[in-house]
There are 2 protein chains.
Amino acid sequence: MKKPLHVVQFGLGPIGIETAKTVLEKSKHGDLKLVGAIDVDPAKVGKDLGEVLRINERLGIVVSDKAEEVFRTAKPDVVLHTTSSFLDRIYPQLEMCIKSGVHIVSSAEELFFPYDRHPKLSKDLDELAKKHNVAVLGTGVNPGFVMDTLALVATGVCTRVRAIRIERVVDASKRRFPLQRKIGAGLTVQEFEEKKKTGTFGHIGLRESLLFVAEGLNWKLEKVDETLQPMVAPSEVKTPYLTVQKGQVAGIHHSVSGGTNGTTKLSLDLKMYVGAGEPHDAVFVDGDPPIELIIRNGVFGDSATVAALVNAIPLTVSATPGLKTMKDLVVPRVFST
Amino acid sequence: MKKPLHVVQFGLGPIGIETAKTVLEKSKHGDLKLVGAIDVDPAKVGKDLGEVLRINERLGIVVSDKAEEVFRTAKPDVVLHTTSSFLDRIYPQLEMCIKSGVHIVSSAEELFFPYDRHPKLSKDLDELAKKHNVAVLGTGVNPGFVMDTLALVATGVCTRVRAIRIERVVDASKRRFPLQRKIGAGLTVQEFEEKKKTGTFGHIGLRESLLFVAEGLNWKLEKVDETLQPMVAPSEVKTPYLTVQKGQVAGIHHSVSGGTNGTTKLSLDLKMYVGAGEPHDAVFVDGDPPIELIIRNGVFGDSATVAALVNAIPLTVSATPGLKTMKDLVVPRVFST
């Protein structure tokens, strides 16, 4: 009989709660075993994890804010890390995991392709991970799959690729409330522009997806252009959480592109707004042969992010040590169904 | 500067001629170098490869029917093997490549997932490859990508998968003549049924794709059903090579499916016929979340097969030794554009 991989859940926000539940689900088949949970929220620390997950079952796992102690006592193989999007903030957490000899699968968007924004931290992480013989991966649905890994896979049957355009249109009406708020639904256009100036607005990871695809194709992009615009509601839109008046912001239109010799070779175009018609994911490869890949209705982000993280566990654990990206791992697939 | 991978082309049929040309194209970037060519056709042996490829350029590579000698003198890193679909026929060729310490990327459909049809040969190949420290892969567009690897990738963002349906509709009017003949275009229905009885008709590799996906999902299928029917032309169809009268065979409809407890969990449905409307590739995943992935117009088979083979070179060379399938390799992508 195979030995299940032992998992610690690090971070119990909305995504972490769902990944923990999915690990419990997979435990039934003996592939995974949840052995610890870490969070700093005083409302969660000290409680049984079952209570925090609201699953009406005591799990015998007490939520702790002492990460090192959890690693020392629970001795996990891998940590599912879901605390923040930003590498400089999570670096000490990752460092602790690595020094405890634990593989990492993280939802941190910046970790999906950290080399450009954080060259020094990337190098340090890679060296530390190699020293402690573990693999470190950042993944998810976006960044992680629909606007990057899937596009790379689509080129696998091309002899030549001249340009790629990647689109994602998400109807945010169907997503959770924090996402609707994050994309500015219900703001005035002026409020949107003010928030934009803070630099912490928009989708995190789009630039990372672009650079991941470029590196996967061995393209040296000369410059990267990035734009963020509001999607304005043409008429009133109601969601279970809020109402957007006609003329108010319904969400974001975020684009990045890069090229060589003044020609755009790679562009990623993301629209996330409430009331979006015909949501979809698409990859258009101008290549030999050309590829027009569409995912009708798009990949539903909330559950797909959870899936991408849990499915990455066996791929990461069996990878060579170091800082990895999705293109360094074997072909992704659902884990244990 | 990186050292290019040295390649020998083994087999100079229609596919081999195109893979050799693509390797030459990639040589311009210094990623690959063609160092030898093997074929048994007396019309090709002894000729300069440039002449056989009809590229109006002498390459200084003489086509040889002495494989062992080519390997000994050219010392390639990898062989592009395109001689036959059937593993028992090509086994001695593969054996010779392996014993010469050469990695193999082969278009042989049965090699894509050989474990079911040829358990003994698969085991022998794997052991031999490990002994000689090389990797052996069978791939292509179908089997190899559209009806198997792509489907597996699509499940990478699902927490659970209940069933998968994979479709491919190919308009054979646009494909090369041997393919049109292979699918029976222009036969009467009776002639089709006679040819079917010989057991060497239909698409090769569909069962392999099914079993590959099942293994990738860790599904144990109880039984596999396979059907092969003619697609009958509802009206006259003309291609550059032939004319199919109304009521004659336009091509094939080939299906395989498998399941558990009397329920079909996985089905692959392939229609290849002249005059097919709305050609496409599709993967429908009944999962959480559900995925409806469509490639409009379908992946064009002739060039995509060539691409899949050449793109697999770097993935195979960097794999651990042994008999591999696409799910054991890192994420596919175009090689050197």
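Residues numbered from 1 in each chain as written. Chains lettered and ligands numbered in written order. Predicted model: local features only at pLDDT ≥ 70, side-chain atom pairs only at ≥ 80, totals over all residues. Heavy atoms only, no water.

Q: Can you help me understand the packing of helix α1 (residues 14-27) of chain A against helix α11 (residues 301-317) of chain A in this one?
A: Geometry of a packed helix pair, given as the angle between the helix axes and the separation of the axes. All names here are of chain A. Running from N to C, α1 and α11 point in directions that differ by 55°, and their axes come no closer than 9 Å. Considered as vectors, α1 and α11 are oriented oblique to each other. Our pair here, α1 against α11, has a crossing hand that is right-handed. Side by side, α1 and α11 meet where I15, E18, T19, T22, V23 and K26 of the first sit next to T305, V306, L309 and V310 of the second. (Axes fitted to C-alpha atoms, helices over the stretch in contact; angles between N-to-C directions. Helix = DSSP H or I, 4+ residues; strand = E, 2+ residues; numbered from the N terminus. Parallel < 35°, antiparallel > 145°, perpendicular 65-115°, else oblique. Left-handed = near helix turned anticlockwise from the far one by under 90°. Contact = heavy atoms within 4.5 Å.)

Q: Can you walk me through the sheet that holds strand β2 (residues 32-38) of chain A in this structure?
A: Each strand in a sheet pairs with another by means of backbone hydrogen bonds, the pair being arranged parallel or else antiparallel. Residue and element names in this part refer to chain A. Judged by pairing direction, the sheet is parallel, and its six strands sit side by side in the order β2-β1-β3-β4-β5-β14 without closing on themselves. On the outer flanks of this sheet lie β2 and β14 (322-324), each paired with one strand and no other. Strand after strand, the sheet turns through a mean of 20° between neighbouring axes, direction not considered. Bridge count between strand β1 (residues 5-10) and strand β3 (residues 78-81): four bridges; the pairing is parallel. Counterpart to F10 in the pairing with β3 is H81. Strands β5 (135-138) and β14 of the sheet are contacted by helix α6 (residues 119-131), whose axis makes an angle of about 125° with β14. (Pairing = 2+ DSSP bridges.)

Q: Before we go on, may I ask you to explain the relation of the copies chain B and chain A in this structure?
A: Between the two chain copies there is a screw-like relation: a rotation about an axis and a shift along it. Taken as rigid bodies, chain B and chain A are interconverted by a rotation of 180° and an axial shift of 0.0 Å, the fit giving an RMSD of 0.0 Å. The two molecules are tied by a two-fold rotation axis, judged by turn and shift. The C-alpha atom lying nearest the rotation axis in chain B is that of V330 of chain B; the distance is 1.9 Å. Interface overlap between copies is the fraction of interface residues in one copy that are interface residues in the other; for chain B against chain A it reaches 100%, indicating a shared surface. (Least-squares fit on C-alpha atoms with pLDDT ≥ 70 in both.)

Q: Would you mind going over the interface of chain B and chain A with me for this structure?
A: Taken together, the contacts link 49 residues of chain B with 49 residues of chain A. Regarding the contact of chain B and chain A, the summed buried area is about 4,000 Å², with carbon and sulfur atoms giving 62% of it. In terms of surface lost to chain A, no three residues of chain B exceed V157, T159 and V331 of chain B, which account for 15% of the buried area on that side. Joining chain B to chain A, the criterion identifies two salt bridges. The closest approach of N and O atoms between E292 of chain A and R296 of chain B, which form a salt bridge, is 2.9 Å. (Buried area = accessible area lost by both parts, 1.4 Å probe. Salt bridge = Lys/Arg side-chain N within 4 Å of Asp/Glu carboxyl O.)

Q: I'm lost on the nonpolar core in this one. Help?
A: Side chains of nonpolar character tend, in soluble globular proteins, to be buried together. Formed by 181 residues in total, the largest nonpolar core has its most connected members in I164 and L293 of chain A together with I164 and L293 of chain B. Sequence-distant contacts of I164 of chain B, defined by excluding residues within four places in its chain, comprise T155, V213, L217, W219, K265, L266, S267, V283, F284 and V285 of chain B. By size, the runner-up hydrophobic cluster in this structure holds 25 residues, among which are V79, L87, L94 and V102 of chain A. (Core = buried A, V, L, I, M, F, W, Y, C linked by side-chain atoms within 4.5 Å. Buried < 20%, exposed > 50% of the residue type's maximum accessible area, 1.4 Å probe, protein only.)

Q: Would you mind going over helix α3 (residues 67-74) of chain B with me for this structure?
A: Residues three or four positions apart in an α-helix share a direction because the helix packs 3.6 residues into each turn. All names here are of chain B. If you check which residues of α3 are buried, you get A67, V70, F71 and A74. Viewed along the axis of α3, the buried residues span an arc of 95°, placing them on a single side of the element. For α3, the exposed residues lying more than 90 degrees away from the buried face are E68, R72 and T73. On its buried side, α3 packs onto β1 (5-10), β2 (32-38), β3 (78-81) and α4 (87-99). Just downstream of α3, K75 is the residue with a positive phi angle, here 45°. (Arc of directions from axis to C-beta.)

Q: Help me understand the packing of aromatic side chains, please; the structure alone is not making it clear to me.
A: A complete count under the given rule lists ten aromatic pairs over all chains for this structure. Geometrically, the ring pair formed by F113 of chain A and F212 of chain A is edge-to-face, given 6.5 Å between the ring centres and 85° between the ring planes. On the criterion of sequence distance, the pair formed by F113 of chain A in the loop between α5 (109-112) and α6 and F212 of chain A in helix α10 (residues 206-216) is long-range, its members being 99 residues apart. Each of the two residues, F113 of chain A as well as F212 of chain A, counts as buried. One aromatic cluster is present, formed by F112, F113, Y115 and F212 of chain A through successive ring pairs. Above the ring of W219 of chain B, the side-chain terminus of K265 of chain B is found at 4.3 Å from the ring centroid. (Phe/Tyr/Trp six-rings, centres within 6.5 Å; stacked < 30°, edge-to-face > 60°. Lys NZ or Arg CZ within 6 Å of the ring centre and 35° of its normal.)

Q: I keep staring at the domain arrangement of chain A and nothing clicks. Help me out?
A: Frequently, the measure chosen for interface size is the accessible area removed from exposure when the parts meet. Residue and element names in this part refer to chain A. Parsing chain A into structural domains produces domain 1 (5-140 + 303-328) and domain 2 (149-298). Domain 1 and domain 2 are separated by 27 Å when their C-alpha centres are compared. At the interface, 13 residues of domain 1 touch twelve residues of domain 2. When the buried area of domain 1 at its contact with domain 2 is split by residue, F112, F113 and K327 rank highest and sum to 42% of it. Linking domain 1 with domain 2 are three salt bridges, by the criterion used here. Here K327 makes a salt bridge to E215, at a shortest N to O gap of 2.6 Å. (Domains from an automatic or database assignment.)

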